[in-house]
Amino acid sequence: AHLFHALLRMSLLQLEWLFVIAVVLEWLAEAQVSFVESPKGEVYIPPPGASVKIVRCTTNASASIEWVHSTFGVLNEVVFNIKRENATSSVMILNGTVITLNPAVLGTLTSTQGSIHCQAGMTNSIDFTFRLGAAPSVVTQPSNTTKNETDVAEFSCTYANTLPETGNASWIFINNSGQMMTLQGETRIVNQQRSVGTVRISPVKRSDAGTYRCVLENEFAIVPSQPAYLIVPYCDGLVTQQVECALGRTF
């Protein structure tokens with residue numbers, strides 16, 4: 001009986017040691033996990049109508065990944081559309097239309113009270129925040145203009161300063177022969193809400209006549225302005241038109 005109890009105590013002690021070793025090995029494994037991909041800074045939720053956006057957290061080894069809000073705790077996978085992609089990756093699928101129709105979800109994700117990070121064991125990713133994004137928006141359209149050769153022509157469009165940033169406005173020119181080219185314009189920030197994109201043609205030539213569009217772009221959409229036309233009057237020198245040209249009529 002004494003031998004049996006001694007053997008039993010030894011077995012229990014061995015089991016305890018095996019348990020401790022297993023815990024230590026698990027702790028060491030978790031300590032070695034790191035994130036090789038995760039969101040950083042501000043992540044913009046797509047506006048209604050924009051394409052679905054996938055945000056991903058990926059570790060260097062197999063690990064259980066949770067998305068944690070500093071105020072609300074672990075985010076529910078069903079509610080926040082979080083899916084396990086594989087043994088080392090978890091994604092949050094952002095659908096702007098669904099999110100904006102669910103104020104509770106939008107309020108949690110875009111809460112100014114805290115930030116979000118991915119957590120794998122004892123390892124956390126860098127904190128990031130969600131913001132509701134918007135597509136670019138033209139506020140004031142460019143206007144048609146008539147200029148003579150050697151004059152200076154200028155087109156401008158005013159647009160909203162959306163998030164994520166729209167950046168500089170670009171310009172597309174289509175001449176009267178249908179050829180298209182991209183022009184480099186200038187951008188001026190008017191205030192926190194508005195910016196102005198401008199393109200200048202100097203000196204104007206007959207070949208500059210055509211259609212001009214301001215083009216705005218961010219990660220959610222490419223938005224062109226309405227077309228504006230540059231008209232360049234000219235006389236072609238035909239004898240039958242000389243009198244009319246002298247009187248100011250152009251062709």
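*Asks:* What am I meant to see in the overall build of the protein chain here?
*Replies:* Secondary structure summary: the protein chain contains four helices and 20 strands in total. By the burial criterion, 35% of the 251 residues in the protein chain qualify as buried. Long-range contacts, defined here as pairs at least 24 residues apart, represent 64% of the contacts in the protein chain between residues at least 6 apart. Surface accessibility of the protein chain: about 15100 Å² in total, with carbon and sulfur atoms responsible for 56%.

*Asks:* What exactly am I supposed to notice about the state of the cysteines here?
*Replies:* By definition, a disulfide links two cysteine residues through a covalent bond between their sulfur atoms. A complete count under the given rule lists two disulfides for this structure. The disulfide bridge from Cys57 ends at Cys118, spanning 2.0 Å between sulfur atoms. Between Cys57 and Cys118, the S-S dihedral sits near 80°, and the bridge is therefore right-handed. Of this pair, Cys57 sits in strand E3 (residues 53-59) while Cys118 sits in strand E8 (residues 116-120), and the two are 61 residues apart along the sequence. Each of the two residues, Cys57 as well as Cys118, counts as buried. What pairs with Cys157 in a disulfide is Cys214, and their sulfur atoms sit 2.1 Å apart. Here Cys157, found in strand E13 (residues 153-160), pairs with Cys214, found in strand E18 (residues 210-217); they are 57 residues apart in sequence, far enough to count as distant. The residues Cys157 and Cys214 share a single accessibility class, namely buried.

*Asks:* Would you mind going over the pattern of salt bridges with me for this structure?
*Replies:* In a structure, side chains of opposite charge can pair up when their charged atoms sit close to one another. Tallied over the entire structure, the rule returns five salt bridges. The closest approach of N and O atoms between Glu42 and Arg131, which form a salt bridge, is 3.7 Å. Of the two residues, Glu42 sits in strand E2 (residues 41-45) while Arg131 sits in strand E10 (residues 128-132), which places them 89 residues apart along the sequence. Under the relative-accessibility criterion, Glu42 is labelled partly exposed at 43%.

*Asks:* What am I meant to see in the nonpolar core here?
*Replies:* What tends to happen in soluble globular proteins is that the nonpolar side chains get buried as a cluster. Grouped together as the largest cluster of nonpolar side chains are 23 residues, with contacts concentrated most on Trp67, Leu75, Met92, Leu94, Leu109 and Phe130. Elements supplying a minimum of two residues to this core: E2, E3, strand E4 (65-69), strand E7 (89-94), helix H3 (103-109), E8 and E10. The residues contacting Phe130, other than those within four sequence positions of it, are Val43, Ile45, Val55, Met92, Leu94, Leu109, Thr110 and Ile116. Judged by nonpolar contacts, the second largest core, of 19 residues, contains Val138, Phe155, Ile201 and Ala228.

About the criteria used
Residues numbered from 1 in each chain as written. Predicted model: local features only at pLDDT ≥ 70, side-chain atom pairs only at ≥ 80, totals over all residues. Heavy atoms only, no water. Helix = DSSP H or I, 4+ residues; strand = E, 2+ residues; numbered from the N terminus. Buried < 20%, exposed > 50% of the residue type's maximum accessible area, 1.4 Å probe, protein only. Contact = heavy atoms within 4.5 Å. Areas by Shrake-Rupley, 256 points an atom, 1.4 Å probe, with all protein chains shown as cover. Disulfide = S-S within 2.5 Å. Salt bridge = Lys/Arg side-chain N within 4 Å of Asp/Glu carboxyl O. Core = buried A, V, L, I, M, F, W, Y, C linked by side-chain atoms within 4.5 Å.

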